[in-house]
Amino acid sequence: MNTPVSAATATRGLVVLRRAWRGLEHVLEWAQAPALLAARAYVAWVFFLSGLQSLRDWPATLWLYENCFHVALLPPAAAAVAGTAGEVLLPPLLALGLYGRFGALGLFVVNIVALLSYLHALQTPAIMFHFIWGILLLLVALWGPGAWSLDAWRARRARDMVPA
């Protein structure tokens, strides 16, 4: 038997849906800080390990830049120094969220240059990792490093120090 839904029942259903949606939004907003921290830590770790590997075997790094990684506009030795410096110096900034947008944008550039420099030698899964890292870095650059970062801590501290 089909009975029409009363207006009161429909209104109650909408109220329940609105409350559920607000609860879900609250959970998602809470999850932003740990998700951004996880993204920052993951990408920072990947690039930092790569930079350490470059430093461990500097002659091999130079050989790769001279023979495999062709960076436009830079001689191989300068590209090796710049790339390795970016991979070693920017990840701590990103991981800590200290000048987090700067670190994210810097590593975004390092990632793009690396991808374009040896795209010809990469297989599809490696290319996809570069895309994933690029997306995560772009998210941090656009939205900032999040509430669990030194940037956010510094901003809160500056706000608290403003005289009332």
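Figured I'd write up the structure that's included with this text. (Residues numbered from 1 in each chain as written. Predicted model: local features only at pLDDT ≥ 70, side-chain atom pairs only at ≥ 80, totals over all residues. Heavy atoms only, no water.)

## Considering the overall build of the protein
Next, step 1: Scanning the protein from terminus to terminus reveals six helices and zero strands.
Next, step 2: Of the regular secondary structure in the protein, the N- to C-terminal order runs α-α-α-α-α-α.
Next, step 3: For a compact globule of 164 residues, the expected C-alpha radius of gyration is about 15 Å, and the protein comes in at 23 Å, more than 25% above that figure.
Next, step 4: C-alpha extents for the protein along the principal axes are approximately 80 × 55 × 25 Å.
Next, step 5: For the protein, contacts bridging at least 24 residues in sequence account for 69% of all contacts bridging at least 6.
Next, step 6: Of the roughly 11000 Å² that the protein leaves accessible, carbon and sulfur atoms contribute 72%.
Next, step 7: For the protein, the separation between the mean place of its 11 positive charges and that of its 7 negative charges on side chains is 18 Å. (Helix = DSSP H or I, 4+ residues; strand = E, 2+ residues; numbered from the N terminus. Rg over C-alpha atoms; globule rule 2.2 N^0.38 Å. Contact = heavy atoms within 4.5 Å. Areas by Shrake-Rupley, 256 points an atom, 1.4 Å probe, with all protein chains shown as cover. Lys, Arg positive; Asp, Glu negative; His and termini not counted. Charge placed at Lys NZ, Arg CZ, Asp CG, Glu CD.)

## A few points about helix H3 (residues 76-96)
Next, step 1: Taking 1.5 Å of rise per residue, the 21 residues of H3 would be expected to cover 30 Å, and the 31 Å separating its terminal C-alpha atoms lies within 8% of that figure.
Next, step 2: When the local axis directions of H3 are compared, the greatest deviation, roughly 30°, occurs at Leu 90, which is followed within four positions by the proline Pro 91.
Next, step 3: For H3, every residue scored as buried is listed here: Ala 79, Ala 80, Gly 83, Thr 84, Gly 86, Glu 87, Val 88, Leu 90, Pro 91 and Leu 94.
Next, step 4: Directly after H3, the chain includes Gly 97, whose backbone phi takes a positive value near 70°. (Expected span 1.5 Å × (residues − 1). Bend = angle between axes of the 7 residues up to and from the residue. Buried < 20%, exposed > 50% of the residue type's maximum accessible area, 1.4 Å probe, protein only.)

## Points about the side chain of His 130
Next, step 1: Inspection of the secondary structure assignment puts His 130 in helix H5 (residues 124-143).
Next, step 2: With residues near it in sequence (within four places) discarded, His 130 still touches Asn 111, Ala 114, Leu 115, Tyr 118 and Leu 122.

## Considering the pattern of salt bridges
Next, step 1: For the structure shown, the criterion picks out one salt bridge.
Next, step 2: The salt bridge partner of Arg 154 is Asp 151, with a shortest N-O separation of 3.5 Å. Within this pair, Arg 154 and its partner Asp 151 are both found in helix H6 (residues 150-161), separated by three residues, close to a single helical turn.
Next, step 3: For Arg 154, a relative accessible area of 34% gives the class partly exposed. (Salt bridge = Lys/Arg side-chain N within 4 Å of Asp/Glu carboxyl O.)

## Thoughts on the packing of aromatic side chains
Next, step 1: Applying the stated rule across the entire model yields five aromatic pairs.
Next, step 2: Plain terms: the ring middles of Tyr 65 and Phe 69 are 5.3 Å apart, the flat faces sit at 90° to each other, and that makes the pair edge-to-face. In this pair, the class of Tyr 65 matches that of Phe 69, namely buried. (Phe/Tyr/Trp six-rings, centres within 6.5 Å; stacked < 30°, edge-to-face > 60°.)

## Regarding the side chain of Asp 151
Next, step 1: In this structure the side chain of Asp 151 is engaged in a polar contact, spanning 2.7 Å, whose partner is the backbone nitrogen of Tyr 99.
Next, step 2: Looking at Asp 151, its side chain comes within polar contact range of the main-chain nitrogen of Gly 100, at 2.8 Å.
Next, step 3: The contact partners of Asp 151, leaving out residues within four places of it in the chain, are Gly 97, Leu 98, Tyr 99, Gly 100, Arg 101 and Pro 145. (Polar contact = N/O pair within 3.5 Å; in protein donor to acceptor, adjacent residues only side chain to side chain.)

## Notes on the packing of H3 against helix H4 (residues 100-117)
Next, step 1: Packing of H3 against H4 leaves a shortest axis separation of 8 Å and a crossing angle of 145°. The two elements H3 and H4 meet at a crossing, and its hand is left-handed. Counting all contacts with H3, which are made through Gly 86, Glu 87, Leu 90, Pro 91, Leu 93 and Leu 94, the residues of H4 involved are Gly 100, Phe 102, Gly 103, Ala 104, Gly 106, Leu 107 and Val 110.
Next, step 2: Broken down by class, the residue content of the contact of H3 with H4 amounts to eight nonpolar, four polar and one charged. (Axes fitted to C-alpha atoms, helices over the stretch in contact; angles between N-to-C directions. Left-handed = near helix turned anticlockwise from the far one by under 90°. Nonpolar A, V, L, I, M, F, W, Y, C, P; charged D, E, K, R; others polar.)

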